[in-house]
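Single-letter residue listing:
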Amino acid sequence: MQKSEALFTRAQKTIPGGVNSPVRAFKAVGGTPRFITKADGPYMWDADGKRYIDYVQSWGPMVLGHNNERIRNAVIEAAGSGLSFGAPTEAEIFMAEKINQLVPSMEMVRMVNSGTEATMSAIRIARGYTNRNKIVKFEGCYHGHADALLVKAGSGALTFGVPSSPGVPADVAKHTITVEFNNLDSVAEVFAEHGDDIACIIVEPVAGNMNCIPPVPGFLEGLREICDKHGTLLIFDEVMTGFRVARGGAQARYNIVPDMTCLGKVIGGGMPVGAFGGKKEIISYVSPTGPVYQAGTLSGNPVAMAAGLAALEQLEDASLYDSIFANTQKLVDGMQALADKHGVPMTTNVAGSMFGLFFTDVDKVTNYQQAINCNTEQFKRFYHGMLDQGVYLAPASYEAGFVSKAHDEAIIEATLAAADHVLGEL
Ligand code: PMP
């Protein structure tokens, strides 16, 4: 760990917290973040040469495993023709066509550079299109760090939102109403009061930022109905779930058609890419065809498009998902059996290749309150034990884990052997 420690000390002198995105700093689990030098397939190596089986997958994008050969070659080839033009390219058409083919509700698509930009832009369009200001989001769902989305609930379901970060004006936050995930009654209550003023509901259809919490049966269907009744747009934030919980995202897995969808992570193949899209009538409301402004110097960047297309082309084979999902289930079932064997109170959730481990007595975790009531001290010990054993999990208990194509049965077995050891010592 010596090299990571030295790099972390040096990094903190010029980079806030030593990191360019806060969760990487290991604040939630304590200790020194590992500085990574390379990654390949299911593995990452740190600056001290230690190898880890990686279940963070760059926070989701690497569904094909790290350093995928076709993606790497596509990037090298595209870079040979220039890095950015600020003018349209055919690759952007291929990308929009491919997204439309795999996620048919995205009749029109615009590319951006991150998930944050995708959700921020989708919300602006929803507000412009409906001519309404209020939006509804769910407790524990994360949609990037645009002002309107860094908002927590007021003291009751029907109070206006309050900023969850300094720097977000209360005047902005008051238009965001936060309700309980997986609780349709809380949504119905808000719509009974404010329904005709609500531009959109934005939801992670499988919540992946409060560990992993799938929708309970009927929840997404209920949101669709409420939106239809009130002329409110339903936005699925599939930045994490897109091409991960099914090839066509959560909307394919649960068979719900949203009005707009936000994508990121997997569609960039590891490059900084996001996208939003949806019904033609709604998306054409954006400039230059419509009045809502949205733009980007590097949006649709040719190198990023090449990476994303190379990823999506490999994901067209639906059978690929069957084996990734089977291995995810095997991992989760194995973890549960080991926790039971060692008498550690733990429960799990799984959706496709996303999974969550919860150190709790609760049978099934379905909402934010249950997620935050889990035993974080036990998680920390488990986390560091696994890290020592060469398994890299997300360094916070509120993050979903990811399995990739590169996590074959032998990798899952090795992970379970490590967990057997660590859970036995908890
Ligand atoms: N939405 C969801 C569901 C996410 O998980 C994330 C990132 N974890 C974002 C939006 C924001 O994406 P980005 O970090 O690329 O801005």
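As the structure is a computational prediction, the values presented were derived from the model and not from experiment.

Definitions and cut-offs
Residues numbered from 1 in each chain as written. Predicted model: local features only at pLDDT ≥ 70, side-chain atom pairs only at ≥ 80, totals over all residues. Helix = DSSP H or I, 4+ residues; strand = E, 2+ residues; numbered from the N terminus. Rg over C-alpha atoms; globule rule 2.2 N^0.38 Å. Buried ≥ 20, exposed ≤ 12 C-beta atoms within 10 Å, placed from the backbone. Contact = placed C-beta atoms within 7 Å. Near = placed C-beta within 6 Å. Nonpolar A, V, L, I, M, F, W, Y, C, P; charged D, E, K, R; others polar. Domains from an automatic or database assignment. Pairing = 2+ DSSP bridges. UniProt positions renumbered as here; feature names shortened; annotations may be inferred. Axes fitted to C-alpha atoms, helices over the stretch in contact; angles between N-to-C directions. Expected span 1.5 Å × (residues − 1). Parallel < 35°, antiparallel > 145°, perpendicular 65-115°, else oblique. Left-handed = near helix turned anticlockwise from the far one by under 90°. Core = buried A, V, L, I, M, F, W, Y, C linked by C-beta atoms within 7 Å.

Caption draft 1: Up close: the overall build of the protein. Per the secondary structure count, the protein includes 14 helices and 16 strands. In terms of C-alpha radius of gyration, the protein reaches 21 Å, essentially the compact-globule figure of 22 Å for 426 residues. Each principal axis of the C-alpha distribution contributes one length, and for the protein these read about 55 × 55 × 45 Å. Among the 426 residues that make up the protein, the fraction classed as buried is 50%. Within the protein, contacts between residues at least 6 apart in sequence are counted, and of these 72% link residues at least 24 apart.

Caption draft 2: Seen up close, the site of the ligand. By nearness alone, 16 residues border the ligand, and Ser-114, Gly-115, Thr-116, Gly-144 and Val-239 come closest of all. If one sorts the elements of the shell around the ligand by residue count, helix α4 (residues 115-130) sits on top with 3 residues. Residue classes in the shell around the ligand are distributed as 4 nonpolar, 10 polar and 2 charged.

Caption draft 3: Summary view of the domain arrangement of the protein. What the domain assignment lists for the protein is domain 1 (2-67 + 318-425) and domain 2 (69-315). Taking only C-alpha atoms, the centre of domain 1 and the centre of domain 2 are 25 Å apart. Contact residues are listed per partner, giving 27 residues for domain 1 and 31 residues for domain 2. Put simply, the parts of the chain that give the side of domain 1 that touches domain 2 at least two residues each are α11 (318-341), β13 (347-351), β14 (354-358) and α12 (368-372). Considering every element that reaches the side of domain 1 that touches domain 2, the biggest residue donor is β14, with 4 residues. For the side of domain 1 that touches domain 2, a count of residues per class yields 16 nonpolar, 10 polar and 1 charged.

Caption draft 4: Expanded view of the pairing of strand β4 (residues 108-112). For β4, the buried fraction is high: 4 of the 5 residues fall into the buried class. Where β4 lies against strand β12 (residues 274-278), 5 bridges are found, and the strand directions are antiparallel. Bridge pairing in β12 places Arg-110 opposite Phe-276.

Caption draft 5: Local environment of the UniProt feature "modified residue: N6-(pyridoxal phosphate)lysine" (unreviewed entry) in the protein. Under the present numbering, the feature "modified residue: N6-(pyridoxal phosphate)lysine" (unreviewed entry) in UniProt falls on Lys-265. Mapped onto the elements of the fold, Lys-265 is located in the loop between β11 (260-263) and β12. On the neighbour-count criterion, Lys-265 (27 C-beta atoms within 10 Å) is buried. Setting aside residues no more than four positions away along its own chain, Lys-265 makes contact with Gly-60, Pro-61, Gly-115, Val-239 and Met-240.

Caption draft 6: Here's a closer look at the sheet that holds β14. Sheet architecture is open: 3 strands sit in the order β13-β14-β16, paired in antiparallel fashion. Of all the strands in the sheet, just β13 and β16 (401-402) have a single pairing partner and so form its edges. Of the strands in this sheet, β13 and β14 touch α11, which is tilted by about 175° from β13.

Caption draft 7: Spotlight on α4. Here α4 is 16 residues long and its end C-alpha atoms lie 22 Å apart, about the 22 Å a rise of 1.5 Å per residue gives. A large share of α4 lies buried, amounting to 12 of its 16 residues.

Caption draft 8: Up close: unusual backbone geometry. The step from Ser-287 to Pro-288 runs through a cis peptide bond, and the omega angle for that step is 10°. Mapped onto the elements, Pro-288 comes out in the loop between α9 (280-283) and α10 (302-315). Positioned with a positive phi, Gln-57 is a non-glycine residue whose angle comes to about 55°. Examined against the element boundaries, Gln-57 turns out to sit in the loop between β3 (51-54) and α2 (69-79). For Lys-265, which is not a glycine, the phi torsion comes out positive at approximately 45°.

Caption draft 9: The arrangement of the packing of α11 against helix α14 (residues 409-425) in detail. Interaxial distance between α11 and α14 falls to 10 Å at its minimum, and their mutual angle equals 20°. In terms of their interaxial angle, α11 and α14 are classed as roughly parallel. Seen from above, α11 lies across α14 with right-handed handedness. Here Asn-327, Lys-330, Leu-331, Gly-334, Met-335, Leu-338 and Ala-339 of α11 come into contact with α14, specifically with Glu-409, Ile-412, Thr-415, Leu-416, Ala-419, Asp-420 and Leu-423. Residue composition of the contact of α11 with α14, grouped by class: 8 nonpolar, 3 polar and 3 charged.

Caption draft 10: Structural context of the environment of His-421. Among the secondary structure elements, His-421 is positioned in helix α14. Residue classification places His-421 among the partly exposed positions, given that 14 C-beta atoms sit within 10 Å. Distance from His-421 to Gly-385, taken between C-alpha atoms, is 8.6 Å for residues 36 residues apart in sequence.

Caption draft 11: Structural detail: the nonpolar core. One finds Ala-126 and Ile-235 to be the most contacted residues of the largest nonpolar core, which totals 131 residues. The element contributing the most residues to this core is α10, with 10 residues. Two domains share this core, each providing at least three of its residues, namely domain 1 (2-67 + 318-425) and domain 2 (69-315). Residues contacting Ala-126, with those up to four places away along its chain left out, are Ala-199, Cys-200, Leu-233, Ile-235 and Met-260.

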